[in-house]
Amino acid sequence: MSTDHCGLRGAGLQIGRVSTANAVALAPMSGITDPPFRRLADALGAGFVVSEMIASEALAVGHWPSRRRADAGGVFPFVIQLAGREANWMAEGARVAQGLGADVIDINMGCPAKEVTGKLSGSALMRDPEHALSLIEAVVGAVTVPVSLKMRLGWDRRIMNAPEIARRAEDAGVQLITVHGRTRCDYFKGRADWAGVRAVVEAVDVPVIVNGDIITPRDACAALRASGADGVMIGRGAYGAPWRPARIAATLASGNDPGEPPLARQAEIATAHIADMFAHHGCDLGVRNARKHIGWYLESAGYEGAALKRWRKRLCTQDDPAAVLSGLTQAYSEAECWRRAA
């Protein structure tokens, strides 16, 4: 696989004055990209990672869970994503985020969840470009760090206004745009329309990232070719595989896919991640939050069917952190044994 065929135009990205190590980002995902996950993906070699979506008003008024989600976690660049529908709160949230050390503020105009769009935030803003622009201008005017924007192709297939919004966002000062190749009404159905992102790329001069259904290096190459984008963002493809952005970046840089890490290395990564979750969130919340990750790690290790169900039942109903970590190590040992026997 040659990067010449992927349409990638450079090693890293320039977000205003902020440079990234490569052009493969970890997407913001609610309940997933907490500081331990971001820290891990960053250490493994993602170009940059983005916080979970944080409500601007909650961050501005000092809501403790929101402040915890805004923890830098020792990564650079530190990108905080804000959501909201009121310009004053978006501006104040952005100022607080910058005060917490954010290197980039990302505006959420892509979340399709009903609880977000029902409050006229996230991708609902694409139905009202004038209002969306007022939020963008408020954030850009409130901070001195670069501002980026994440959105979809439009609200539905009748309102595919991403190029128009992107052009106006660039004029307002946005310095990076990420586009998920679906509309809000597509939700996550069907396949992401990477080619649909090309109109955004052609409408602006700032870097554009293509997002949606990018799991493998081959997917990344296809998405770059179809969209003409400057980089890719990995979301659900990193479930149970925080190494995947780095793997894709390495492939795009060299033309050679290093493949998934050996199972022993996957075990090290998974156990370190879960232990960091316990340390960050505390035992009770850490155990609960870790369960979905444990299930995904088991799938990445090759478990399926009855064996997957057995290990999930054992590890995802356990409340003792030490027992969880011990059991996860045993699960990887078992996977290694049957892999060698295959």
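Before going into details, it helps to say that this report is about the structure given with it. (Residues numbered from 1 in each chain as written. Predicted model: local features only at pLDDT ≥ 70, side-chain atom pairs only at ≥ 80, totals over all residues. Heavy atoms only, no water.)

**What about the packing of helix α4 (residues 87-99) against helix α6 (residues 129-142)?**
Here is the rule: Fitted lines through C-alpha atoms give the axes, limited to the stretch in contact for helices. The angle between two N-to-C directions lies from 0 to 180 degrees. Strands are runs of DSSP state E lasting at least two residues, helices are runs of H or I lasting at least four, and both sets are numbered from the N terminus onward. Any angle between 65 and 115 degrees counts as roughly perpendicular, while under 35 counts as roughly parallel, over 145 as roughly antiparallel, and the rest as oblique. Crossings are sorted by hand: turned counterclockwise from the far helix by less than a right angle, the near helix makes the crossing left-handed, and turned clockwise it makes it right-handed. Note on definitions: a residue-residue contact is assigned when non-hydrogen atoms from the two residues lie within 4.5 Å. Under the convention adopted here, Pro, Cys and the residues Ala, Val, Leu, Ile, Met, Phe, Trp and Tyr are nonpolar, Asp, Glu, Lys and Arg are charged, and Gly plus all remaining residues are polar.
Running from amino to carboxyl end, α4 crosses α6 at an angle of 30 degrees, the nearest separation of the two axes being 8 Å. Taken together, the axes of α4 and α6 are roughly parallel relative to one another. Of the two elements, α4 crosses α6, and the hand of that crossing is right-handed. Contacts between α4 and α6 pair Ala87, Met90, Ala91, Ala94 and Arg95 from the former with Ser134, Leu135, Ala138, Val139 and Ala142 from the latter. Here the contact of α4 with α6 is built from residues that sort into eight nonpolar, one polar and one charged.

**Brief notes about empty space enclosed by the protein**
The line we're drawing: Only protein atoms enter the calculation, which uses a 1 Å grid: trapped sets of points that fit a 1.4 Å probe without letting it out are cavities, open sets showing protein on both sides within 12 Å along at least five of seven lines are pockets, and any residue with an atom within 4 Å of a point is a lining residue. Grid points are joined across faces, edges and corners, and a volume is the space filled by probe spheres set on the points.
Tallying each qualifying case throughout the model produces one cavity of 30 Å³ or more. Looking at the largest cavity, its volume works out to about 30 Å³. Forming the boundary of the largest cavity are Phe48, Val50, Val79, Asp106, Ser148, Leu176, Thr178 and Met233. For the lining of the largest cavity, the elements supplying multiple residues, two or more each, are β4 (48-55) and β8 (176-180). Here the lining of the largest cavity is built from residues that sort into five nonpolar, two polar and one charged.

**Topic: helix α9 (residues 217-227)**
Note the following rule: Type-normalised accessible area, obtained with a 1.4 Å probe on protein chains alone, sets the label of each residue: buried when under 20%, exposed when over 50%, and partly exposed for intermediate values.
Among all positions in α9, only Pro217, Asp219, Ala220, Cys221, Ala223, Leu224 and Ser227 are buried. Buried residues along α9 sit in contact with α8 (198-203), β9 (208-211), β10 (231-234) and α10 (244-254). Downstream of α9 by a residue or two, Gly228 has a phi angle that is positive, lying close to 75 degrees.

**Some words on the packing of α6 against helix α7 (residues 162-172)**
Between α6 and α7, the least distance of the axes is 10 Å, while the angle of their chain directions is 25 degrees. Overall, the two elements α6 and α7 adopt an arrangement that is roughly parallel. Regarding α6 and α7, the two cross each other, and that crossing is right-handed. Contacts between α6 and α7 pair Pro129, Glu130, Leu133, Ile136, Glu137 and Val140 from the former with Glu164, Ile165, Arg168, Ala169 and Ala172 from the latter. Broken down by class, the residue content of the contact of α6 with α7 amounts to seven nonpolar, no polar and four charged.

**Concerning the layout of surface pockets**
Roughly 580 Å³ of internal volume is contained in the largest pocket. The wall of the largest pocket is formed by 30 residues, among which Pro28, Met29, Ser30, Pro112 and Phe188 lie closest to the centre. Residue assignment for the lining of the largest pocket shows that the elements contributing at least two residues are α5 (114-117), β7 (147-152) and β10. Split by residue class, the lining of the largest pocket holds 16 nonpolar, nine polar and five charged. Approximately 410 Å³ is the volume found for the second largest pocket. Considering the residues around the second largest pocket, the lining is formed by 19 residues, among which Ala55, Ala83, Gly84, Lys119 and Ser121 are closest to the centre. Counting only elements with at least two residues in the lining of the second largest pocket, the list comes to β4, α2 (56-60), α3 (64-69) and α5. By residue number, the principal contributor to the lining of the second largest pocket is β4, which donates four residues.

**Overview of the pairing of β10**
Just so we agree on the cut-off: Strands pair, by our definition, only if DSSP identifies at least two bridges between them. Convention used here: a crossover is right-handed provided that the path from the first strand, over the helix, to the second strand proceeds clockwise when the strands point away from the viewer.
What you see with β10 is no split at all: Gly231 and Met233 on one side and Val232 and Ile234 on the other are buried throughout. In this structure, strand β3 (residues 24-26) lies alongside β10, joined through three bridges in parallel fashion. In the sheet register, Val24 faces β10, and the bridge partner there is Val232. Relative to β10, β9 runs parallel, the two sharing three bridges. By the bridge assignment for β10, Ile209 is matched with Gly231. Once the chain exits β9 it traverses α9 before rejoining the sheet at β10, and the crossover so formed is right-handed.

**Points about the sheet that holds β9**
Taken together, the eight strands give a closed barrel; going around it, the order is β3-β4-β5-β6-β7-β8-β9-β10, and neighbouring strands pair in parallel fashion. Looking at each pair of strands side by side, their axes are set apart by 25 degrees on average, direction ignored. Sheet topology places β3 next to β4; two bridges connect them, and they run parallel. When the sheet's bridge partners are listed, Ala25 is paired in β4 with Phe48. Relative to β4, helix α1 (residues 35-44) is tilted by about 165 degrees, and along the sheet it contacts β3, β4 and β5 (78-83).

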